[in-house]
Amino acid sequence: MQLYIGNKNYSSWSLRAWIMLAKSEVKFEEVKLLLGTSEFYQRLEKVTPTHKVPAVVDGNVKVWDSLAICEYINDAYLSGSAWPELARQKAEARAIACEMHSGFNGVRNEMPMNIRAKRKIVLSEHAKNDILRIQQI
Ligand SMILES: N[C@@H](CCC(=O)N[C@@H](CS)C(=O)NCC(=O)O)C(=O)O
């Protein structure tokens, strides 16, 4: 299996799929592509119609989008054990995953991922509320 990713410092989307695979102990080859370069788009041409990372190629299976990749690993390799077993706990876990996948625009806009960065920033109320919710989760 090949996992196509960007940069683990800047691409939180890449890191999501990478963490899932690394934690699941499934064997995979990491293919790192330099974001924004022509090679990035050329290499992804045959892998994903979105030309975005992360993307997975597993034999003749191609999966793109971080959440879809996590679901594929869960179904194909973990017999569904990545989610809680109980329906109500699974529903809550899924709701939180969806919240993370499609929400937190304040944090996304004002604090684009850069793990190494150290700088003072002034956050909007929107971003502060996102952080409160993340802490709550
Ligand atoms: N919703 C997608 C987002 C993927 C995404 O936006 N990836 C960025 C990496 S940070 C990318 O590949 N950007 C390249 C581009 O937009 O040209 C996912 O969960 O995988």
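In this text, all values refer to a predicted model and were calculated from it rather than measured experimentally.

**What about the UniProt feature "domain: GST N-terminal" (unreviewed entry) in the chain?**
According to UniProt, the positions carrying the feature "domain: GST N-terminal" (unreviewed entry) are residues 1-81. Structurally, residues 1-81 comprises 40% helix and 20% strand, and the distance from its first C-alpha atom to its last is 20 Å.

**Observations concerning the side chain of Asp58**
Within the secondary structure, Asp58 sits in strand E3 (residues 55-58). Buried and unpaired, Asp58 has Lys27 as its nearest opposite-charge partner, separated by 13 Å. When sequence neighbours within four positions are dropped, the list of residues in contact with Asp58 reads Met1, Tyr72 and Tyr77.

**Considerations on the sheet that holds E3**
Read across the open sheet, the four strands follow the order E2-E1-E3-E4; overall the sheet is mixed. Only two strands of the sheet have a single neighbouring strand rather than two, namely strand E2 (29-32) and strand E4 (61-64). Here the strands of the sheet are splayed against their neighbours by 20° on average, with no regard to which way each runs. Of the pairings in the sheet, the one linking strand E1 (residues 2-5) to E3 comprises three bridges and is antiparallel in character. Looking at the pairing, Tyr4 lines up with Ala55 of E3. Across the sheet, helix H1 (residues 12-24) touches E1, E2 and E3, and the angle it forms with E1 is around 155°.

**Remarks on the pattern of salt bridges**
Taken as a whole, this structure holds five salt bridges when the rule is applied. For Glu99, the salt bridge goes to Arg133, with nearest N and O atoms at 2.6 Å. In this pair, Glu99 is assigned in helix H4 (residues 87-102) and Arg133 in helix H6 (residues 125-136), connecting sequence segments 34 residues apart. Taking the relative accessible area as the measure of exposure, Glu99 reaches 26% and is therefore partly exposed. The exposure class of Arg133 is partly exposed, given its relative accessible area of 26%. A salt bridge links Lys128 to Glu125, with the nearest nitrogen and oxygen atoms 3.5 Å apart. Of this pair, Lys128 and Glu125 both sit in helix H6, three residues apart, which is roughly one turn of the helix. The exposure class assigned to Glu125 is exposed, which follows from its relative accessible area of 53%. Bridged by salt links that share partners, the residues Lys8, Glu30 and Lys32 form one connected network.

Rules behind the numbers
- Residues numbered from 1 in each chain as written.
- Predicted model: local features only at pLDDT ≥ 70, side-chain atom pairs only at ≥ 80, totals over all residues.
- Heavy atoms only, no water.
- UniProt positions renumbered as here; feature names shortened; annotations may be inferred.
- Helix = DSSP H or I, 4+ residues; strand = E, 2+ residues; numbered from the N terminus.
- Buried < 20%, exposed > 50% of the residue type's maximum accessible area, 1.4 Å probe, protein only.
- Lys, Arg positive; Asp, Glu negative; His and termini not counted.
- Salt bridge = Lys/Arg side-chain N within 4 Å of Asp/Glu carboxyl O.
- Contact = heavy atoms within 4.5 Å.
- Pairing = 2+ DSSP bridges.
- Axes fitted to C-alpha atoms, helices over the stretch in contact; angles between N-to-C directions.

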